[in-house]
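# Notes for the structure review
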Amino acid sequence: ELDPSGGDLASWYGLAHTPGLLSWAASHGRPGPGGALARHLQTLPGDLPVLLGPPSARAARGALNLLTEQASSPLPAAAGQAVLVCDCGRLDADAPTRRLLATADLVLIVARPVLADLAHLSEWLGERPADPARVRLLLRGTGPYRASEIGGTLGVAAMGSLFPVFHVRAETVH
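Worth saying up front: this structure is predicted, and the values here are computed from it rather than measured.

The end-to-end C-alpha distance of helix 6 (residues 115–126), which contains 12 residues, comes to 16 Å, matching closely the 16 Å that a straight helix rising 1.5 Å per residue would cover. Regarding helix 6, the residues found buried are D117, L118, L121, W124 and L125. Axial view of helix 6: buried residues confined to an arc of 120°, hence all on one face. Counted as exposed and oriented over 90 degrees from the buried face of helix 6: L115, A116, H120, E123 and G126. Tucked into the core, helix 6 has its buried residues touching helix 5 (97–103), strand 3 (107–111), strand 4 (135–140) and helix 7 (147–154).

The structure is reproduced here in structure tokens:
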């Protein structure tokens, strides 16, 4: 969770906020094994390793600033041969995650196909935070515009649409 607005997963899954982003940022750049990303991960159901973000935007932004203040991104070295999926939160021209996106192999943006969201996305893409050839768009929900139309207008590859998934709680009837 690299969302500058703060993380949600620890609260959703009843986990402690540390170890996580704060502990990794605090140990980053120090010699020894303490800065290894794996030492700061927790496990979600399904054995999914996760770096949990703090709930505080101030703390999250501070940790991300610390991690990104160097010329090179810490993520490639931290990943090794693993695939990292980073939730960088909302698009924000001033977010510290902007520097991470510039070095990502792929930037997947999830947006609603409505004019307000697409206007923000167009502005963000116009600032060239990432190479457009490495940006993909996934639309969430329905709207008046088709994926191909949006992708063509914005100059990014649109991968299609996600539709809402409704979770139904099963109850036993006696």
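Among the nonpolar cores identified, the biggest contains 28 residues, and L21, V107, L121 and L137 are the most heavily contacted of them. Of all elements in the fold, only helix 2 (21–27), helix 3 (57–68), helix 5, strand 3, helix 6, strand 4 and helix 7 reach the threshold of two or more residues within this core. Broken down by element, this core gets its largest block of residues, four residues, from helix 6. With residues near it in sequence (within four places) discarded, V107 still touches L101, W124, A130, R134, V135 and R136. Counting residues in hydrophobic clusters, the runner-up holds five residues, among them L9, A10, V50 and L52.

Another point: the environment of L51. Relative to the helices and strands, L51 is located in the loop between strand 2 (48–50) and helix 3. Spatially, the C-alpha atoms of L51 and C86 are 9.2 Å apart, while their sequence positions differ by 35 residues. Beyond its immediate stretch of four places on either side in the chain, L51 contacts E1, L2, G20, L21, W24, L37, H40 and L41.

Let us now look at the state of the cysteines. Linking two cysteines covalently through their sulfur atoms gives a disulfide. Applying the stated criterion across every chain, the model contains zero disulfides. You can see C86 has no disulfide; the closest cysteine sulfur is in C88, sitting 5.4 Å from it. Using a relative accessible area of 32% as the deciding quantity, one classes C86 as partly exposed. With a relative accessible area of 11%, C88 lands in the buried category.

Inspection of the secondary structure assignment puts S27 in helix 2. For S27, a relative accessible area of 9% puts it in the buried group.

Right, let's get into the sheet that holds strand 5 (residues 157–162). Read across the open sheet, the three strands follow the order 3-4-5; overall the sheet is parallel. Strands at the two margins of the open sheet, each flanked by one partner only, are strand 3 and strand 5. Between one strand and the next, the sheet's axes are offset by a mean angle of 25°, whatever the strand orientation. Looking at chain direction, strand 4 and strand 5 are connected through five bridges and run parallel. Its bridge partner lying in strand 5, L138 is registered against G160. Packing against the sheet, helix 7 makes contact with strand 4 and strand 5, and its axis sits at approximately 145° to strand 4.

What counts, and at which threshold
- Residues numbered from 1 in each chain as written.
- Predicted model: local features only at pLDDT ≥ 70, side-chain atom pairs only at ≥ 80, totals over all residues.
- Heavy atoms only, no water.
- Helix = DSSP H or I, 4+ residues; strand = E, 2+ residues; numbered from the N terminus.
- Expected span 1.5 Å × (residues − 1).
- Buried < 20%, exposed > 50% of the residue type's maximum accessible area, 1.4 Å probe, protein only.
- Arc of directions from axis to C-beta.
- Contact = heavy atoms within 4.5 Å.
- Core = buried A, V, L, I, M, F, W, Y, C linked by side-chain atoms within 4.5 Å.
- Disulfide = S-S within 2.5 Å.
- Pairing = 2+ DSSP bridges.
- Axes fitted to C-alpha atoms, helices over the stretch in contact; angles between N-to-C directions.

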